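Listed here are the chains, written in short residue letters.
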Amino acid sequence: ANRKTHGHHVVVLGGGFAGLYAAKNLRGVDVDVTLIDKRNFHLFQPLLYQVATGGLSPGDISSPLRAVLKRSRNTRVWQAEVLDIHAAKREITLRDGALSYDTLVVATGVTHTYFGNDRWREFAPGLKTIEDALDIRRRVFVAFEAAEREEDPDLRRQWMTFVIVGGGSTGVELAGALGELTRGTLRNDFRSIDPRDTRIVLVEGLHRLLSPFPPELSAESEVSLAKLGVEVRKQTRVTDVGESAVMLRCGTKEERIEARTILWAAGVEASAIGGILARETGAQLDGAGRVRVEADLTVPNHPEIFVIGDLANYAHQGGKPLPGIAPVAMQQGRYVADLIRRRQTGRPQKPFHYQDKGTLAVIGRHAAVADLGRFRFAGFKAWLAWVFVHIWYLIEYDNKILVLVQWAFDYFTRKRGARLITGKDPYPLVKSGPRHQSQ
C-alpha cells in the first residue's frame, strides 16, 4: 500500500474544496498523491440548504471523488478515517492501518459548535453533512404532516413554528428557503392548514445579519426576508433549547418560543485534527481550534505540513483571518499544489495571497445580496449572479446540467421535487392519540 512510483509521497487529508483542489492541481506533477476522506464523495456544501428544504437531491450536489480524479494517474483515493498524525515519523495512523508521507496537506475543515451546550444537538441539528441536510428535510416536512392532522391549535402552532439560530449565510439562506417553501411551493398542498401561516424566526446575536457583508446589504437581506414572512431577532442570544421550545434573551428581556423545529446555523469549531497537529508540532490554535499557519500555509517549523481551508487561520493578509468560504479553500488548494510543484523544481514561491472576488448570499426567488468589492447590489441581478456562480463551482459537468435543469423547473413550476420524508422513523408525528377524519 505504501508503494511509490515517483519517490515523493503527498498525502492529502480531506476531500472538501481545499483538499480536492490541491489533489486536482497535482495532476501531472512528479509526485505520488493519496487523497484520504471518510466519505467517497466531494460535497458542495454551499447548496446543502437546498437539500434541507427539498429543492435539490443529495446526488445533485455531490461528486464521487474517484470520478473527479480519474484522469489524475498519480493519485489514489482512499476512503479511510485518520486517527492520529506522527510528525516526527512523518506517518499518519488510520483506523485500519498506517501511511507514511513526505508532504502532508491537512484540509479536514470544521463542524458546527453548540458553545458547550452539546445536549442541544439532539433538538437543533446543524447543517454540515448530507445526513444533517436529510435530517432537517425530514423534520421540516414531518412538521407540516403533523400540523395537518393536529386538532389542538396550540400544538398545531408549535409544529408550524420554525426557529433558525444564526444570521450568517447559512441561517439567512435556510430562512429564505423556508419562506419560499411556505409562501409558494406548499401553498395549495394541504387541506387543514395554510402553510402561509407558518412562523419563521431567525435569531442573530450580533446587531445585524450577514456581518461579513457591508451594512447596506445586511439591511437589504432583512427587507427580503420580511417579504417572505421571516421574523428577524437581532442582538438576541439562545439560552436554552428543548424538544418543543427555545429560550431567548435580548438584553434583560427573556422570551420562550414554542417550536417543534429548531435549526442550528451559529458558529463553527475546527476538526479534531487541529488539536493533534498542535500536540505534535507545537502549532498555535485560535479560539475556534483552527491552526495558525505561516504565510505559505505551512505549520511553523514544519515546512512539510500544510494546513488549508476552513481548518487554517491565515492572518497574513490584513491582520484578520480569512473567512471559511469555498473560494478561499479553492485558492489555497491551488497554491499548495503549485508550491509543491515549485519545490520539486527548486523554484521560489511567493506567500499565499487571497484574491477576493466577492461574496454572495441568496434569500429567495429574485432576492440575493452581492458584495463584489467596488460593486454592491441586491435583488434579481444578485440572484442571477448567485445562481451562475454556484453552478460554475459545482465540480462535475453532469452536476451542472442537473442543477441547472432542476432549478429552471423549480423556478417556473414553484415545485420542489425532492420533498421526501426519509429516515429510520419517518412517522414521529403526534404522540397524542388517534386522529379522526372530519369533513
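Here goes a summary of the coordinates provided. These numbers were taken from a predicted model, which means no experiment stands behind them.

## Focus: the pairing of strand E7 (residues 91-94)
Burial along E7 is one-sided: the residues Ile92 and Leu94 are buried and none of Glu91 and Thr93 is. Here strand E6 (residues 82-86) pairs with E7 via 4 bridges, running antiparallel. Directly across from Asp84, in E7, lies its bridge partner Thr93. Hairpin remark: E6 followed by E7, antiparallel, with 4 residues in the connecting loop; positive phi at Arg90, about 50°. Pairing of E7 with strand E8 (residues 97-100) involves 4 bridges; the strand directions are antiparallel. Residue Thr93 lies in a different strand from E8, and its bridge partner there is Ala98. Between E7 and E8, which pair antiparallel and follow one another directly, the connecting turn spans 2 residues.

## Quick word on unusual backbone geometry
Although it is not a glycine, Leu297 sits at a positive phi angle of roughly 70°. The topology assignment puts Leu297 in the loop between strand E19 (291-292) and strand E20 (298-299). The phi torsion at Asn301 lies on the positive side, around 70°, for a residue other than glycine. Residue Asn301 is classed as exposed on the basis of its relative accessible area of 73%.

## What about the sheet that holds E6?
Overall, antiparallel pairing links the 3 strands, which are arranged E6-E7-E8 in an open sheet. What marks the edges here is a single partner per strand, and that holds for E6 and E8. Direction aside, neighbouring strands of the sheet carry axes that sit 20° apart on average.

Basis of the calculations
- Residues numbered from 1 in each chain as written.
- Predicted model: local features only at pLDDT ≥ 70, side-chain atom pairs only at ≥ 80, totals over all residues.
- Heavy atoms only, no water.
- Buried < 20%, exposed > 50% of the residue type's maximum accessible area, 1.4 Å probe, protein only.
- Helix = DSSP H or I, 4+ residues; strand = E, 2+ residues; numbered from the N terminus.
- Pairing = 2+ DSSP bridges.
- Axes fitted to C-alpha atoms, helices over the stretch in contact; angles between N-to-C directions.

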